[in-house]
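Each chain is listed here by its residues.
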Amino acid sequence: MSDIRFTDQHEWVRVDGDIATIGITDYAQEQLGDVVYVELPDVGKTIEAGDEAAVVESVKAASEVYTPVSGEVIDVNSDIEATPAGVNEDAMGDGWFVKLRMSDPSELEKLMDENAYKEFVEGLH
Amino acid sequence: MRYLPLTETDRREMLGVIGAKSVDELFRDVPEHARLEGLVDLPRRQGEIEVERALAKMAAKNVSASSVPFFVGAGAYRHHVPAAVDHLIQRSEFLTSYTPYQPEITQGTLQYLFEFQTQVAMITGMDVANASMYDGSTGCGEAVLMAHRVTKRKKAVLSGTLHPQYAEVVKNLSDFAGYDLEIMPPALPGKVEDIAAHIADDTSCVVVQTPGFFGELVDLRPIAEAAHAKGALLIAVVPEFVSLGAVTPPGEMGADIVVGEGQSIGNGLNFGGPYVGLFATRQKFIRQMPGRLCGETVDADGKRGFVLTLSTREQHIRREKATSNICTNSGLCCLAFTIHMSLLGEEGYKRLARINHAAAVDLAERLAKVPGVEILNQAFFNEFTMRVSKPAADVVDALADRGVLGGVPASRLLPGAGLDDLLIVASTEINTDDDRAAYAAALEEVL
Amino acid sequence: MSGMNKQGRPTSIGGAIPVMHETFTGNRALQLEEALLFELDNPGACGVDLDEPAPFTARLGNFERQGRIGLPSVSEPEVVRHYVRLSAKNYSIDAGLYPLGSCTMKHNPRLNEKMARLPGIGDIHPLQPVKTVQGALELMDTLAHWLKELTGMPGVALSPKAGAHGELCGMMAIRAALIARGEDEARSRVLVPESAHGTNPATAALLGYKVDSIPATKEGRVDLEAFKAKLGPDVAAIMLTNPNTCGLFERDIIEIADAVHEAGAYFYCDGANFNAIVGRVRPGDLGIDAMHINLHKTFSTPHGGGGPGAGPVVFSEALVPFAPRPYVVHGPDGFRLVETAEDAKADGTTPFGRMTAFHGQMGMFVRALAYMMSHGSDGLRQVAEDAVLNANYVLASLKNDLSAPFEGPCMHEALFDDRFLKGTGVETLDFAKAMIDEGYHPMTMYFPLVVHGALLIEPTETESKQAIDLFIATLKDLARAAKSNDKERFTGAPYLSPRRRLDETAAARSPVLRWMPPAPKQAAE
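These figures come from a predicted structure and were not determined experimentally.

## Overview of the overall build of chain A
If you tally the helices and strands in chain A, you get 4 helices and 9 strands. Overall, chain A shows an N-to-C arrangement of helices and strands of β-β-β-α-β-β-β-β-β-α-α-β-α. The C-alpha atoms of chain A give 13 Å as radius of gyration, which agrees with the globular expectation for 125 residues (14 Å, within 12%). C-alpha extents for chain A along the principal axes are approximately 35 × 35 × 25 Å. Evaluated residue by residue, chain A yields a buried proportion of 37% over its 125 residues. Sequence separation of at least 24 residues holds for 63% of the intrachain contacts in chain A that already meet a minimum separation of 6.

## Concerning the pairing of strand 2 (residues 189-193) of chain C
Residues and elements named next belong to chain C. Within strand 2, 4 of the 5 residues are buried, which leaves it mostly tucked inside the rest of the structure. Across 5 bridges, the pairing between strand 2 and strand 3 (residues 210-214) is parallel. If you follow Leu-191 over to strand 3, its bridge partner there is Asp-212. For the crossover that starts at strand 2, traverses helix 6 (residues 199-206) and ends in the parallel strand 3, the hand is right-handed.

## Examining helix 8 (residues 164-177) of chain B
If you check helix 8 of chain B, its first and last C-alpha atoms are 20 Å apart, about what 14 residues at 1.5 Å a residue would give, namely 20 Å. Looking at the buried residues of helix 8 of chain B, the elements they touch are helix 7 (136-151), strand 2 (155-158), strand 3 (180-183), strand 5 (233-238) and helix 13 (410-413) of chain B.

## Digging into the nonpolar core
One finds B:Val206, B:Leu234, B:Ile235 and C:Ala173 to be the most contacted residues of the largest nonpolar core, which totals 352 residues. In terms of residue count, the dominant contributor to this core is helix 10 (residues 362-398) of chain C (22 residues). Among all residues touching B:Leu234, those that are not within four sequence positions of it are B:Cys205, B:Val206, B:Val208, B:Leu220, B:Ile223, B:Ala224, B:Ala227, B:Gly254, B:Ala255 and B:Asp256.

## Considerations on the confidence of the model for chain C
All names here are of chain C. Chain-level statistics for chain C give a pLDDT mean of 93 and a share of 95% at 70 or above. For the stretch residues 1-5, pLDDT sits under 50, and the model shows 5 contacts to residues farther than four places along the chain or on other chains. The complex model carries a pTM of 0.95, and its ipTM stands at 0.97.

## Points about the sheet that holds strand 10 (residues 414-416) of chain C
Residue and element names in this part refer to chain C. Read across the sheet, 3 strands follow the order 10-12-11 without closing on themselves; strand pairing throughout is antiparallel. Both edges of this open sheet fall to strand 10 and strand 11 (444-445), since each of them pairs with a single strand only. The pairing of strand 10 with strand 12 (residues 455-457) spans 3 bridges and is classified as antiparallel. Bridge pairing in strand 12 places Phe-416 opposite Leu-455.

## Let's talk about the pairing of strand 8 (residues 294-298) of chain B
Residues and elements named next belong to chain B. Of all the 5 residues making up strand 8, 4 are buried; the element is thus mostly covered by neighbouring parts of the structure. In this sheet, strand 9 (residues 304-308) lies alongside strand 8 in antiparallel orientation, the contact comprising 5 bridges. Paired with Gly-295 across the two strands is Val-307, which belongs to strand 9. What sits between strand 8 and strand 9 in their antiparallel hairpin is a turn of 5 residues, with Gly-302 showing a positive phi close to 85 degrees.

## Describing unusual backbone geometry
Put simply, B:Thr210 and B:Pro211 share a cis peptide bond, and its omega is -10 degrees. Looking at where B:Pro211 falls in the secondary structure, it is placed in the loop between strand 4 (203-209) and helix 9 (221-229). The residue after C:Arg325, namely C:Pro326, is reached through a cis peptide bond having omega -5 degrees. With phi around 100 degrees, B:Ser132 is a residue other than glycine that occupies positive phi space. Along the chain, the position of B:Ser132 falls in the loop between strand 1 (128-129) and helix 7. Residue class for B:Ser132 comes out buried when judged on the 31 C-beta atoms lying within 10 Å of it.

## Structural notes on the interface of chain C and chain B
Counting from both sides, the interface comprises 169 residues of chain C and, opposite them, 167 residues of chain B. Considering each element in turn, the side of chain C that touches chain B owes the most residues, 22 residues, to helix 10 of chain C. Looking at the side of chain C that touches chain B residue by residue, the classes come out as 86 nonpolar, 48 polar and 35 charged.

Reading the values: rules and limits
- Residues numbered from 1 in each chain as written.
- Chains lettered and ligands numbered in written order.
- Predicted model: local features only at pLDDT ≥ 70, side-chain atom pairs only at ≥ 80, totals over all residues.
- Helix = DSSP H or I, 4+ residues; strand = E, 2+ residues; numbered from the N terminus.
- Rg over C-alpha atoms; globule rule 2.2 N^0.38 Å.
- Buried ≥ 20, exposed ≤ 12 C-beta atoms within 10 Å, placed from the backbone.
- Contact = placed C-beta atoms within 7 Å.
- Pairing = 2+ DSSP bridges.
- Right-handed = clockwise from strand over helix to strand, strands pointing away.
- Expected span 1.5 Å × (residues − 1).
- Core = buried A, V, L, I, M, F, W, Y, C linked by C-beta atoms within 7 Å.
- pLDDT = per-residue confidence, 0-100.
- Nonpolar A, V, L, I, M, F, W, Y, C, P; charged D, E, K, R; others polar.

Structure below.
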């Protein structure tokens, strides 16, 4: 079963069993502009919900990517490390950042679903 | 006032457009009791003639290096600066331009920064260099902070070869930023400092200066090996940059970060500033570097051009998460460095270094013959330390009375360290045989 | 036969000008393309004549440098030409109005350059015997006196090397005072307005403080209520710029200072905008505890393409004892320097430490002092008045063409936002780049962050009315063009500069930070 959730900081989480894949939304990549650099955590590191999981940089801005859920980092997307443009090209898919093994799936309940996020973004204009 | 173009007529007309009766109205947001009604208690305006006279009078009370046999070093060195350097850096387009944030109309600055970065990287034997720091000492502090970021550790070990004021700058920064520091006792020439024994698993970096504060050249290779074995970085500090024309560069001896003072090339003594901090490192650490970086790119027409890059490390974007709070470089001093280095070229730079070394060797040989003098150094470049039979501070004073500026007493920077009889002496291409003979003669009189 | 003179040459300048005339060299008349220094390498050439030393026995141990460094060989005429050509690609204050808000790009008098080059100033060593540099110490002491009088503050540290270094120095003194009070642990928060320069939060963070942002009001000033709500026993200091980065004087500054002091915290003021009030307002009368002064802004030491600067810090009575070493004292035997911890102990002070090797930016001190002495107390007051007058004149003249987020009067700089560009397809950046084609350096853009698409204009006092009138007319014309759909003029701009817009994304994605020699050709098999 796959399910996607969003934060008000424009991160998304896709859940597959106890594995969460985290990235930034299409809206976020558009706001940032051309991504030039991505910094990813070490595999094996344990992070808590709200911690900095990664850093994404464009020419004019640098943003921290916070993890919405706690868990152990089991994989990072080294493709976007080598080719940061991948974040702009497919933010919601191949441009993912990290995969976590969740320690507390109940954290997902606080996040927005697709419709709620859509409304949230529209409200920003 | 000659620098203020507005006339009374202009001011009246402009106030009319603004719709204000007087300029006082424009200051109405200032709380009333803080508005100064009269003038501050300082002299009134003066013409060029008066200002020049007053400042020239102060200047005349100083003994300038060019007026006497001069042998003072210890972190700032008197070298010849070709006339073209000072002429070029005074061109309006260099002197009165801002930081090159608008690359379309500041390619001049950007290109020389790119050339500067390349020269510094080549000379230090490192991969990359930044567009400079304030000076060597502050660059040294920044290097330690960078090592902490890279290694995610928080303890630095400072060698006793490090200039005591550099060590103080690092200590100040470390104390306030909450980092740990071990400062080794002054490392006198003739004894090998066992710094490797002080590198532990929690050591972030070791900071070693070569030529050291007392002039002795340091073999960085075993130190680099020891540091790397524990996962620590080696920061090499080079305050006399002319030395690298003759001496193996730190990059070839395993240094991870090289910090230099670039004053020696193209820049005058200026009583301590402005100088130019050189900062070079390995490619893999570039995103952890402090300071401005200039990079190559192309413009909309596909022509080669240069821009400031990787600025997301910097404070104006990253704010409290920046790698440093530094907001400036030493622009014009880098330019002076780059022009002088361009004039020197490979051959000129190496020859300049040889001349310096020859000058210092000659001086050491002459002074060694003076009774009451012992030269401590084994391997040195253009500076060495001698033990004298009287307090070095008194010797320097007495030499000054005889018209020779003979060096720096170690006790001036390291009081209470039992080094009162040590005198640090430099000789560069500026000194003639006669200067060195005059020094030897005066010293003989004094001792 | 109109248009012909007696030699039969056409004198008319009519006729179609070919669009984008390509040249063989890539040069365009006085705009000359220039290779990198490394590409000028001409082995055998040299720009200096130095004689090889007589044979001697080297004492370099086993540290003799081996192999080539890779530095190019170039003669003096070629080096001079190279850098002259590069210089021609730069905008400068000497060539035109430089309206960068928050940067105070004013005229740099050449007398100051001349004074800095006196041998008794430029050619003295920081560690010469003190008795041989009495004039230099007198100069530093005189500068300190001027800075203290102008700010109404009792102490000053001259050594910081630049504005941000001065901020660091000021905040270190505050921290030292808190340590001395035994409150260092308890006070971990620093309040910084949203509109602050990036250096403020970076400085506070460097010292381990938690940065807490204060919102701005609709009038572009500190929200007093929000600020007071954030004050507490864990606050170490507030860092406030005044006049602020919106070009406005913080009306409530005295109330802010009182509240800060009541809460047991200190008031750091970013003095970047001192030019607006010099000679008219003394920060000491506003309750400020520490403030850095950018000598390269208010006191006109040249910006030099990004430095060197100088950032002396003035201190209130409460912080003076903690000011760093070195400092100059005047005793019966003349001037002396308090350099080491031992010296300070003997002098009865408790400096927090040392910011830099040696004594600070002497070369900047002499320039700033020459500037101050030239103006005098009366001229400096006039500086502030004319700077504020020029900025208000710009604001009043352009507020109907551009859009101003806040009511005037402003201080030394006029802030606009991008509402006037709404629906034009032109953004702040495009508008600024089009100014380049008109012969102007753009104003500060996208700063402060508190208004959308900010355009911050600081004309300074050294612009004539005539120069400002032309500048205003130019911006009016650009605003008109933007609003009348002349988008091309903006989105592709600049067209006429030595380089057009540069690809910053490519530069950041794969950084090329140095020249590399071309790879050696493959050896023949």
